[in-house]
Amino acid sequence: MTGSPADEVLHRIESGVSWITLNRPEAMNAVTWDQRERVITLLAEASADPAVRAVVVTATGKGFCAGADLRGAPAATGERVAGDVARMIRLGAQRLITAVLDCEKPVLAAVNGTAAGIGAHLALACDLVIAAEPARFIEVFVRRGLVPDGGGAYLLPRLVGPQKAKELMFFGDAVPAAEAERLGLVNRVVPADELETTAREWAERLAQGPTRALALTKQLVNASLDGGRAAALAAEATAQEINMTTADANEGVASFVERRSPKYLGR
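Everything quoted here is computed from the prediction, not taken from an experiment.

K.L.:
Honestly, the sheet that holds strand S8 (residues 136–138) in this entry has me stumped. Any pointers?
P.N.:
Note: strands within a sheet are paired through backbone hydrogen bonds, in either parallel or antiparallel orientation. Read from one edge of the open sheet, 4 strands run S4-S6-S8-S9, paired in mixed fashion. Since the sheet does not close on itself, it has two edges, and those belong to strand S4 (63–65) and strand S9 (174–176), each with one partner. Pairs of neighbouring strands in the sheet enclose a mean axial angle of 20°, with direction left out of account. As paired elements, S4 and strand S6 (residues 114–116) share 2 bridges and run parallel to each other. Bridge pairing links Gly63 to Thr114 in S6.

K.L.:
Honestly, empty space enclosed by the protein in this entry has me stumped. Any pointers?
P.N.:
The rolling of a water-molecule-sized probe over the atoms marks out the regions of remaining empty space. According to the stated counting rule, one finds 1 cavity of 30 Å³ or more in the structure shown. Estimated volume of the largest cavity: approximately 80 Å³. Every residue along the wall of the largest cavity is listed here: Ala120, Leu124, Phe137, Ile138, Glu139, Leu156, Leu168, Asp173, Val175 and Leu185. Counted by class, the lining of the largest cavity contains 8 nonpolar, no polar and 2 charged residues.

K.L.:
What's the story with the layout of surface pockets in this structure? I'm lost.
P.N.:
Space inside the second largest pocket adds up to approximately 610 Å³. Looking at the second largest pocket, it is lined by 28 residues, and the ones nearest its centre are Ala125, Cys126, Asp127, Val221 and Asn222. Of all the secondary structure elements, the ones that give two or more residues to the lining of the second largest pocket are strand S7 (128–132), helix H6 (152–160) and helix H10 (211–224). Top contributing element to the lining of the second largest pocket by residue count: H10, with 8 residues. Looking at the lining of the second largest pocket residue by residue, the classes come out as 18 nonpolar, 5 polar and 5 charged.

K.L.:
Can you walk me through the nonpolar core in this structure?
P.N.:
Across soluble globular proteins, nonpolar side chains show a tendency to be buried alongside one another. Leu43, Val55, Phe64, Val111 and Phe137 are the most contacted members of the largest nonpolar core, which has 48 residues in total. Discounting residues that sit within four places of it in the chain, Val111 has contacts with Phe64, Ala123, Val129, Ile130, Ala131, Ala132, Ala135, Phe137 and Leu195. In this structure, Val17, Val190, Leu195 and Ala199 belong to the second largest nonpolar core, which totals 15 residues.

K.L.:
How should I be thinking about the state of the cysteines in this particular structure?
P.N.:
Cysteine pairs can be linked by a disulfide, which is a covalent bond between their two sulfur atoms. This model, assessed by the stated rule, comprises 0 disulfides. Between Cys103, a cysteine without a disulfide, and Cys126, which holds the nearest cysteine sulfur, the sulfur-to-sulfur distance is 9.3 Å. Here Cys126 falls in the buried class, since its relative accessible area comes to 7%.

K.L.:
I'm lost on the sheet that holds strand S10 (residues 188–190) in this one. Help?
P.N.:
The 6 strands lie next to each other as S1-S2-S3-S5-S7-S10, forming an open sheet whose pairing is mixed. At either end of the open sheet lies a strand with only one pairing partner, and these are strand S1 (9–14) and S10. Going from strand to strand, the sheet's axes swing by 20° on average, the running direction of each strand aside. Pairing between strand S2 (residues 17–22) and strand S3 (residues 54–59): 6 bridges, direction parallel. Following the sheet pairing, Leu22 is matched in S3 by Ala59. Each of S1, S2, S3 and strand S5 (107–111) is contacted by helix H2 (residues 33–48), which is oriented at about 15° to S1, the strand it contacts most.

The rules we used
Residues numbered from 1 in each chain as written. Predicted model: local features only at pLDDT ≥ 70, side-chain atom pairs only at ≥ 80, totals over all residues. Heavy atoms only, no water. Pairing = 2+ DSSP bridges. Helix = DSSP H or I, 4+ residues; strand = E, 2+ residues; numbered from the N terminus. Axes fitted to C-alpha atoms, helices over the stretch in contact; angles between N-to-C directions. 1 Å grid on protein atoms, 1.4 Å probe; cavity = no way out; pocket = protein on both sides within 12 Å on 5 of 7 lines; lining within 4 Å. Points joined across faces, edges and corners; volume = space filled by probe spheres on them. Nonpolar A, V, L, I, M, F, W, Y, C, P; charged D, E, K, R; others polar. Core = buried A, V, L, I, M, F, W, Y, C linked by side-chain atoms within 4.5 Å. Buried < 20%, exposed > 50% of the residue type's maximum accessible area, 1.4 Å probe, protein only. Contact = heavy atoms within 4.5 Å. Disulfide = S-S within 2.5 Å.

As far as function goes, none of this settles anything; it's purely spatial.
So, in structure tokens, the structure goes:
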């Protein structure tokens, strides 16, 4: 039986951190249409809420996200025509990944178990990834005769290079957490019983930082992979101009001059 979106995506805000938890452990957290919309909404709310200064995306049970579960999606009406599939992908999986990439707060993935298909891409879209030792990352699409969606062919080469990305996508082999760390897919691997504690430590550290500077830094790094040097340097100059209007930038400079630790407010 399917529960309500509120039950299937748990949410809380603690110490400036928005915790978004997929909660369908019996389905290895295969993400439904309702869950996807809820996560997108929560990420947008995190961007707009000054009290939220970091986000953690995680899950309950043994799986992080086993891919897409199309149950609960609006029923198709009439015969499928050219453009229907592209529209479904654009409004579905791509919106979810874009919501993570465009969130104005740093987003940390705490990957507790298997991350497959769109679940892997959900993790890889996050700014930082901590994985529990049992976690695995699987480009499962080829096993089903499908093309990767959810930005996978965009995200993966930027993390591991095109040749390795092709290997992972062509064969669909499971990548254990330790190997994922070696490849650069994750930042750190920890024992399963330390995942939440480590994620909390990292997230709260982010939440105590200069939030607007982190948002601008995230934008610069993400954009740098898509454009040339001139565009990157122009964006950097603009980001510096914007950031110097923030209270946190003034606090950072003042604390340096006064030889004390800064106290950032996220504004």
